[in-house]
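# Close look at the chain arrangement
Letter by letter, the chains look like this.
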2 protein chains.
Amino acid sequence: MKIDFNTAADILKSCGSAYILTHQSPDGDCIGSGTALYYILRGMGKKARVLCSDEIPKKFDFMRREYTDEEFEPEIIIAADVADAKLLGRYNEIYGDKVDLCIDHHISNTGYAKNTLVCPDASAACEVVYELMKVMGIAADEKLAKCIYTGIATDTGCFRYENTTARAHEIAAELKKTVKVNFAKINREMFDVKSRGRLKMEAFAVDRIEYYLEGKCTLLAVTSKMREEMEVTPAELDGIEGIPLQVEGAEVGITIKQRDETSYKISMRSANDVNVSDICAMLGGGGHVKAAGCLLHGTLDEVKEQIVDAVKKGIEVCTTE
Amino acid sequence: MKIDFNTAADILKSCGSAYILTHQSPDGDCIGSGTALYYILRGMGKKARVLCSDEIPKKFDFMRREYTDEEFEPEIIIAADVADAKLLGRYNEIYGDKVDLCIDHHISNTGYAKNTLVCPDASAACEVVYELMKVMGIAADEKLAKCIYTGIATDTGCFRYENTTARAHEIAAELKKTVKVNFAKINREMFDVKSRGRLKMEAFAVDRIEYYLEGKCTLLAVTSKMREEMEVTPAELDGIEGIPLQVEGAEVGITIKQRDETSYKISMRSANDVNVSDICAMLGGGGHVKAAGCLLHGTLDEVKEQIVDAVKKGIEVCTTE
């Protein structure tokens, strides 16, 4: 059942204790919103605990300085920033059908929880939690401000992406006016700092970008052999799909990842108006207008040729429209 | 003479025509604020022209779509985002002592103009121009919004740096609420897109980072020979000083650039609490707490040894304080 802010506030106020679940592969927004809810409940004298299927990366520790983990029998189960029970990972089996309150911003939320407070226009779950705090009359202190800001900043690429709402900026302004936090330091740690392996991977990738269609199509092929040479963890390969599109003039950025001897997973990103969902559909795949994918078979050269042909058609459609 | 917003508004209203000067090596804020002032004056039926000592990079063309260049005899001279007449470049000689109105946000503004509207708390000159628009009752349309947003975004690293004010966020929120502009596209072009040469340079640099003091000190040496190998333009080397500090765990990031056979220009950046101004002072240089520099002589190995010794002392001072 979809609920409003007042009902969500009532649920939080009337519970005695809660487990707060975040999604697997945790990011700044689920840890930010989950930890903010933890502080809100603790501030009201209730027991609370944050659970995540995967280990929470160390870079989020600064939000959790005042967090203490303790086991107890929870009265209610809350999910923060979790669009689908499947994303609870190993906690899906235990709690997937027992979530009492879900606080989220994904339009794709499946409604798996008994009560769902979802704001699809919000840039981040943390934006929803902040509005909930307003309704509950809770002012942001330093630890809450760190959580809320981090969730909004990480989900919007530091206010860069299309999902950045006016409200996201307003909340950042309100936090900066009322709470003394080194927001620039948070941004540095979230956006600028990279592991040595990650930096090496990016350098390796940039060196291997291929240019097609007068530079409008950029392509990066990562073979199994290259992956071995790079010596990077799978996490460090995360986001490699964004690299080909960084090149000036690129309209379509493609990443080819070898799966086995003769099959390749293709990720396609569009910078502006080219519809990569249509292009991937030509190749038997699909996705969104600006980010899509497909699976192709053959030698690497055959796969590249197929892709570049399809992209050429896709760009032609776009310019004649 | 320092003036307030009303006096600045009166000057704009009462002039018949103006040349608007920006600083050399133009960036998003001087082009944004200069072009916004151009549109403001044109909107009041006055003649206006933007002048910059250097060529304006193509990536700023989107702000200048409705700009038409014409020569005329200006009644007044305006400077936008120019802290010192010297920064006018080749226009200093002609107009340096003839600037009637300077609109700026640098605390270091030398007061070279007859009338100076300077707001040192503003994150960008565009923030000052926006407040001036408010005082003059001018609403932001699409072209003004692009200019104002771009200046604020570029000067704050897209709301990342310490100079990002609450007001900067508020202005972004106001623009997003009232004007239909693809701000994400602006951000992509300002922050994500890089030339092939630039990407190659970054990859080259990352591959050559050296680690000292358990990774707390990262160092990148760019010799004359390496610069030749990289085949990059001086503009593409711009900002290379930020690269060593991107590595996780780095407290002090150093860039060494060879000047001639035996002399090296050192740039030092601090991530957190280490005072690099003090460290560079030990080496005969100076600067700011978080960004400083010096000039050293000797072989590259001697220079590196000197630097790492000084950084070691600087880090020790910091941890014992």
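See the structure printed just above.
Below is a short write-up of the structure. (Residues numbered from 1 in each chain as written. Chains lettered and ligands numbered in written order. Predicted model: local features only at pLDDT ≥ 70, side-chain atom pairs only at ≥ 80, totals over all residues. Heavy atoms only, no water.)

### A word on helix α12 (residues 300-320) of chain B
All names here are of chain B. Definition in use: Under the DSSP-based scheme used, a helix requires at least four consecutive residues in state H or I and a strand at least two consecutive residues in state E, with every element numbered from the N terminus. By this rule the span expected of a helix is its residue count minus one, scaled by 1.5 Å. We call a residue buried when its accessible area falls under 20% of the maximum for its residue type, exposed when it is over 50%, and partly exposed in between, using a 1.4 Å probe and counting protein chains only. Should any heavy atoms of two residues lie within 4.5 Å, those residues are considered in contact.
In this model, α12 (21 residues) spans 30 Å end to end at C-alpha, consistent with the 30 Å of a helix rising 1.5 Å per residue. Taken together, the buried positions of α12 are Leu-300, Val-303, Lys-304, Ile-307, Val-308, Ala-310, Val-311, Gly-314 and Ile-315. Contacts made by the buried residues of α12 are with β6 (210-212), β7 (217-222), β8 (252-260), β9 (263-270), α11 (276-282) and β11 (291-297).

### Thoughts on unusual backbone geometry
Apart from glycine, the bulk of residues carry a negative phi angle, and the bulk of peptide bonds sit in the trans form. All names here are of chain B. The phi angle at Asp-81 is positive, at roughly 65°, despite the residue not being glycine. Turning to its location among the elements, Asp-81 is positioned in the loop between β3 (76-80) and α3 (91-95). Unlike most non-glycine residues, Phe-159 shows phi in positive territory, near 65°. On the secondary structure map, Phe-159 appears in the loop between α5 (142-155) and α6 (166-178).

### Considerations on the side chain of A:Thr22
Locating A:Thr22 in the fold gives a position in the loop between β1 (17-21) and α2 (28-43). When near neighbours in sequence (up to four residues on either side) are disregarded, A:Thr22 contacts A:Cys30, A:Ile31, A:Gly34, A:Val50, A:Leu51, A:Cys52, A:Ala80, A:Val82, A:Leu87 and A:Leu88.

### Digging into the pairing of strand β8 (residues 252-260) of chain A
Two faces belong to every sheet, and in a regular strand the side chains alternate between them. All names here are of chain A. Our working rule: For two strands to pair, DSSP has to find at least two bridges joining them.
The sheet contact formed by strand β7 (residues 217-222) and β8 spans six bridges and is parallel. Pairing of Leu-219 across the sheet is with Ile-254, part of β8. Across eight bridges, the pairing between β8 and strand β9 (residues 263-270) is antiparallel. For Gln-258, the partnering residue across the bridge sits in β9 and is Tyr-264. Hairpin remark: β8 followed by β9, antiparallel, with two residues in the connecting loop.

### A closer look at the nonpolar core
Which entries qualify depends on this criterion: As used in this record, nonpolar core signifies buried Ala, Val, Leu, Ile, Met, Phe, Trp, Tyr and Cys residues forming a set joined through side-chain atoms within 4.5 Å.
Counting 117 residues, the largest nonpolar core has A:Leu37, A:Ile148, B:Leu37 and B:Ile148 as the members making the most contacts within it. Other than its neighbours up to four places away in sequence, A:Leu37 contacts A:Leu12, A:Ile20, A:Ile78, A:Ala80, A:Ile103, A:Val129 and A:Leu132. Counting 38 residues, the second largest nonpolar core, distinct from the first, contains A:Met226, A:Ala250, B:Met201 and B:Ile209.

### Overview of the interface of chain A and chain B
As a reminder of what qualifies: Two parts lose some accessible area (1.4 Å probe) when they are put together, and adding that loss for both gives the buried area. By salt bridge we mean one thing: a side-chain nitrogen of Lys or Arg within 4 Å of a carboxyl oxygen of Asp or Glu. Polar here means any residue other than Ala, Val, Leu, Ile, Met, Phe, Trp, Tyr, Cys and Pro, which are nonpolar, and Asp, Glu, Lys and Arg, which are charged; Gly is therefore polar.
Listed as interface residues are 40 residues of chain A and, on the opposing side, 40 residues of chain B. Taken together, both faces of the contact between chain A and chain B bury some 3600 Å²; the carbon and sulfur share is 54%. Inspection of the chain A/chain B interface yields six salt bridges. Here B:Lys200 makes a salt bridge to A:Asp207, at a shortest N to O gap of 3.6 Å. Of the residues that constitute the side of chain A that touches chain B, the class distribution is 18 nonpolar, nine polar and 13 charged.

### Comments concerning the pattern of salt bridges
Following the criterion strictly, the structure yields 38 salt bridges over all chains and no others. In this structure, the salt-bridge partner of A:Asp97 is A:Lys98, at a minimum N-O distance of 3.6 Å. The class for A:Lys98 is partly exposed, based on a relative accessible area of 43%. Three or more residues joined by partner-sharing salt bridges are found here, namely A:Glu131, A:Lys134, A:Arg167, A:Glu170, A:Glu174 and B:Lys177.

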